[in-house]
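Chain by chain, the residues:
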Amino acid sequence: DTAVSQTPKYLVTQMGNDKSIKCEQNLGHDTMYWYKQDSKKFLKIMFSYNNKELIINETVPNRFSPKSPDKAHLNLHINSLELGDSAVYFCASSQVPGKLFFGSGTQLSVL
Amino acid sequence: TQLLEQSPQFLSIQEGENLTVYCNSSSVFSSLQWYRQEPGEGPVLLVTVVTGGEVKKLKRLTFQFGDARKDSSLHITAAQPGDTGLYLCAGYYAEKLVFGKGTKLTVNP
């Protein structure tokens, strides 16, 4: 059983489109995150949710909207995709600060 | 300004060699974590160091937390091709986990 699973693994789309990435964790963790990893492999936090409540919202364009229907799921919707949105997006969960379990990533390519 | 500075950025060595990766900051951390990421996968936690001066060993990997809790190092003894990957240090700061830019290690057979 995959602890943190995100879909799709690859996402290729045109500029201006709207897309969603889904994430589910079966670890029973209270906190979930979205991280963005750029082409230089730098990993930066975007959002953090604790028990469905948004607790961290880094300086992310409001085209990015996370949604947590329950504490096991955290989805990421992106409107009006831009070339600069191309990156690998990771979902993660944790119960202990600093001890994160990551999904295998979604590679987003905006053409 | 990067909160956690890692060096070197790239490291390519031969199987059997030893290596050390450094993670430095001007800020004090209550703990630091080391993660390893393989291509196409998410980072996986290797270790957490909590106490200043602490040394933790994980088989051929030795992790050290600086006395002042501002820096950490990862030493690998007799590196193997299976150690190839991106090594990331991370620290919990302002209620979020921040990462260094990583060290990409390649161990050649």
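Not measured: the values here are computed from a predicted model.

Moving on, we come to the overall build of chain A. The helix and strand tally for chain A stands at 0 helices and 11 strands. Its helices and strands taken in sequence order, chain A reads β-β-β-β-β-β-β-β-β-β-β from the N to the C terminus. Scaling as 2.2 N^0.38, a compact globule of 111 residues should have a C-alpha radius of gyration of about 13 Å, and chain A matches this with 13 Å. Considering only contacts within chain A whose residues lie at least 6 apart along the sequence, 53% involve residues at least 24 apart. Roughly 5,500 Å² of accessible area belongs to chain A as shown, and the carbon and sulfur atoms make up 50% of that amount.

This next bit is on the state of the cysteines. Here a disulfide denotes a covalent bond joining the sulfur atom of one cysteine to the sulfur atom of another. What the rule picks out here adds up to 2 disulfides over all chains. In this model, Cys23(A) is linked to Cys91(A) through a disulfide, with the two sulfur atoms separated by 1.8 Å. The chirality of the disulfide connecting Cys23(A) with Cys91(A) is left-handed, given an S-S dihedral of about -75°. Residue Cys23(A) is located in strand S3 (residues 19–25), and its partner Cys91(A) is located in strand S9 (residues 87–96); the two are separated by 68 residues in the primary sequence. Overall, Cys91(A) belongs to the buried group, its relative accessible area being 0%. Disulfide partner of Cys23(B): Cys89(B), at an S-S distance of 2.0 Å. With the S-S bond torsion at 70°, the cross-link from Cys23(B) to Cys89(B) turns out right-handed. Residue Cys23(B) is located in strand S3 (residues 19–24), and its partner Cys89(B) is located in strand S9 (residues 85–93); the two are separated by 66 residues in the primary sequence. You'll find Cys23(B) and Cys89(B) in the same group, each marked buried.

Moving on: the sheet that holds S3(A). All names here are of chain A. Strand order across the open sheet formed by 4 strands is S1-S3-S8-S7, with antiparallel pairing between neighbours. What marks the edges here is a single partner per strand, and that holds for strand S1 (4–7) and strand S7 (64–70). Neighbour-to-neighbour, the strand axes of this sheet turn through a mean angle of 15°, independent of strand direction.

One pass over the full model with this rule turns up 10 aromatic pairs over all chains. Following the ring pairs from residue to residue traces out a cluster consisting of Tyr33(A), Tyr35(A), Phe90(A), Phe102(A), Tyr35(B) and Phe99(B). One residue, Lys101(B), lies across the ring of Phe42(A), its end atom 5.9 Å from the ring centre.

Strand-to-strand pairing in sheets goes through backbone hydrogen bonds, with the strands running parallel or antiparallel. Residues and elements named next belong to chain B. With antiparallel pairing, 5 strands are arranged side by side in an open sheet as S1-S3-S8-S7-S6. Of all the strands in the sheet, the pair left with one neighbour each is strand S1 (5–7) and strand S6 (55–58). Looking at each pair of strands side by side, their axes are set apart by 15° on average, direction ignored. As defined by bridge partners, strand S7 (residues 61–65) adjoins strand S8 (residues 71–76) across 5 bridges and the pair is classed as antiparallel. Bridging from a neighbouring strand, Thr-62 pairs with His-75 of S8.

Residues and elements named next belong to chain B. Taking every second residue as pointing to the same face, the buried face of S3 carries Leu-19, Val-21 and Cys-23, while none of Thr-20, Tyr-22 and Asn-24 on the other face is buried. Strand direction decides the pairing type here: S3 and S8, joined by 6 bridges, are antiparallel. Residue Leu-19 lies in a different strand from S8, and its bridge partner there is Ile-76.

This part takes up the interface of chain B and chain A. Counting residues at the interface gives 18 residues for chain B and 18 residues for chain A. Taken over both partners, the interface formed by chain B and chain A buries close to 1,500 Å², and the fraction arising from carbon and sulfur atoms is 61%. Between chain B and chain A we count 1 salt bridge in total. Residue Glu58(A) is joined to Lys96(B) by a salt bridge in which the shortest nitrogen-to-oxygen separation is 2.8 Å. At the surface where chain B touches chain A, the tally comes to 7 residue pairs in polar contact (both at pLDDT 80 or more). Class assignment of the residues belonging to the side of chain B that touches chain A gives a composition of 8 nonpolar, 6 polar and 4 charged.

The rules behind these values
- Residues numbered from 1 in each chain as written.
- Chains lettered and ligands numbered in written order.
- Predicted model: local features only at pLDDT ≥ 70, side-chain atom pairs only at ≥ 80, totals over all residues.
- Heavy atoms only, no water.
- Helix = DSSP H or I, 4+ residues; strand = E, 2+ residues; numbered from the N terminus.
- Rg over C-alpha atoms; globule rule 2.2 N^0.38 Å.
- Contact = heavy atoms within 4.5 Å.
- Areas by Shrake-Rupley, 256 points an atom, 1.4 Å probe, with all protein chains shown as cover.
- Disulfide = S-S within 2.5 Å.
- Buried < 20%, exposed > 50% of the residue type's maximum accessible area, 1.4 Å probe, protein only.
- Pairing = 2+ DSSP bridges.
- Axes fitted to C-alpha atoms, helices over the stretch in contact; angles between N-to-C directions.
- Phe/Tyr/Trp six-rings, centres within 6.5 Å; stacked < 30°, edge-to-face > 60°.
- Lys NZ or Arg CZ within 6 Å of the ring centre and 35° of its normal.
- Buried area = accessible area lost by both parts, 1.4 Å probe.
- Salt bridge = Lys/Arg side-chain N within 4 Å of Asp/Glu carboxyl O.
- Polar contact = N/O pair within 3.5 Å; in protein donor to acceptor, adjacent residues only side chain to side chain.
- Nonpolar A, V, L, I, M, F, W, Y, C, P; charged D, E, K, R; others polar.

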